[in-house]
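Single-letter residue listing:
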Amino acid sequence: MNDVRSIEVIDSHTEGEPTRVVLGGWPEPSGATMVERRDVMRREQDALRRAVVHEPRGHDAVVGALLTAPERADAVAGVVFFNDVGYLGMCGHGLIGVVRTLQHIGRVEPGHVELDTPVGPVSAELARDGAVTIRNVPARLHRADVTVTVPELGEVTGDVAWGGNWFFLTELAGVPLEFSRRAELLRLTTLIRDALDAQGITGSGGEWIDHVELFSAPVRQDADSRNFVLCPGSAYDRSPCGTGTSAKLAVLHAKGHLALGQRWRQEGIVGSLFTGWLEAAGDVLIPHIQGRAFVTGRSTLLFDPQDPFRYGLT
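Residues numbered from 1 in each chain as written. Predicted model: local features only at pLDDT ≥ 70, side-chain atom pairs only at ≥ 80, totals over all residues. Heavy atoms only, no water.

Describing the state of the cysteines
Point 1. All told, the structure shown has zero disulfides when counted by the stated rule.
Point 2. Here C91 stays unpaired: no disulfide links it, and the sulfur of C241, its closest cysteine neighbor, is 7.2 Å away.
Point 3. Judged by relative accessible area, which is 6%, C91 ranks as buried.
Point 4. C241 carries a free sulfur, and the closest cysteine sulfur to it, the one in C231, is 6.0 Å from it.
Point 5. We classify C241 as buried; its relative accessible area is 4%. (Disulfide = S-S within 2.5 Å. Buried < 20%, exposed > 50% of the residue type's maximum accessible area, 1.4 Å probe, protein only.)

Concerning the pattern of salt bridges
Point 1. The full count for this structure, using the stated rule, is 18 salt bridges.
Point 2. For the salt bridge of R20 with D11, the shortest nitrogen-to-oxygen distance reads 2.8 Å. One exposure class covers both R20 and D11, and it is buried.
Point 3. The partner of R220 in a salt bridge is D222, and the shortest N-O contact between them spans 2.7 Å.
Point 4. For D222, a relative accessible area of 35% puts it in the partly exposed group. (Salt bridge = Lys/Arg side-chain N within 4 Å of Asp/Glu carboxyl O.)

Brief notes about the pairing of strand β11 (residues 166-170)
Point 1. Burial analysis of β11 places five of its five residues in the buried class, which makes it a mostly covered element.
Point 2. Judged by which residues are buried, β11 turns out to be covered on both faces: W166, F168 and T170 on one side and F167 and L169 on the other are all buried.
Point 3. Of the strand pairs in this sheet, strand β10 (residues 154-162) and β11 are connected by five bridges, and their pairing is antiparallel. Considered in β11, the bridge of A161 is made with F167.
Point 4. Hairpin geometry of β10 and β11 is characterised by an intervening segment of three residues between the two adjacent antiparallel strands and by a positive phi of about 115° at G164.
Point 5. Note: β11 against strand β12 (residues 211-216), four bridges, orientation parallel. Along β12, the bridge assignment pairs T170 with L214.
Point 6. For the crossover that starts at β11, traverses helix α4 (residues 182-198) and ends in the parallel β12, the hand is right-handed. (Helix = DSSP H or I, 4+ residues; strand = E, 2+ residues; numbered from the N terminus. Pairing = 2+ DSSP bridges. Right-handed = clockwise from strand over helix to strand, strands pointing away.)

Here's what the structure looks like:
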């Protein structure tokens, strides 16, 4: 990694949540599959992850996306998502940002787009007006009505679901989901996540539940619900969260509250909106999430060998 002197990136935001797509300068990770490439990144290239998303070049809300060669012949590219604490299986808002970035650099046009990720193939439809609809990996409810004892909050009951990442989805009576209260919401959701970990509540294979999603009544008249999402680490999702909305759709369907094809309009903590729906593919549920992303900049990140914070603040 000491030979890397510059990395080319394009920044965008999807409904308020930033994505930083790496176009060049990062050595291509070896491996035949996206899982193998992600593992090489984690094992051999993690300094570059920190350098790209940590301060002083980034901040805790930035989600990075490294483009690689595709795994499938019909895919435009492979993509590995990462953030300030590690690597993500999938990222809904990030995928929307990747598609718009690929359009910006002329690699895709409006229409169908196939991409490979470590959790499987995903696709998107890019509309001529710039809206992007992603076809996510299958989502599912793992455990319903799970109760966890949380300091300050007492017993909190919610659902454990997969939408490309593991989520604990719940409501907290008397806790308004307001942007001005985001510091308190971060603190409370972190307490919940720590309690889940301490009490051994995990995903289906023992995976750590690294996202906590709170819900309340919407503020927007065109929304069905408002959410606040704690991401891995100490950041919150400015968008309504693509994988979190996918998990929510699976929970609603499993409990008989959402039909296949029925639109669900999810409002995020900053007031932006995703529209989602489910389709059946055999015995699995495929979420579709629609939102908008906007390219905000293109830059070259420079790495001075004399810089003591060359690989970011840790």
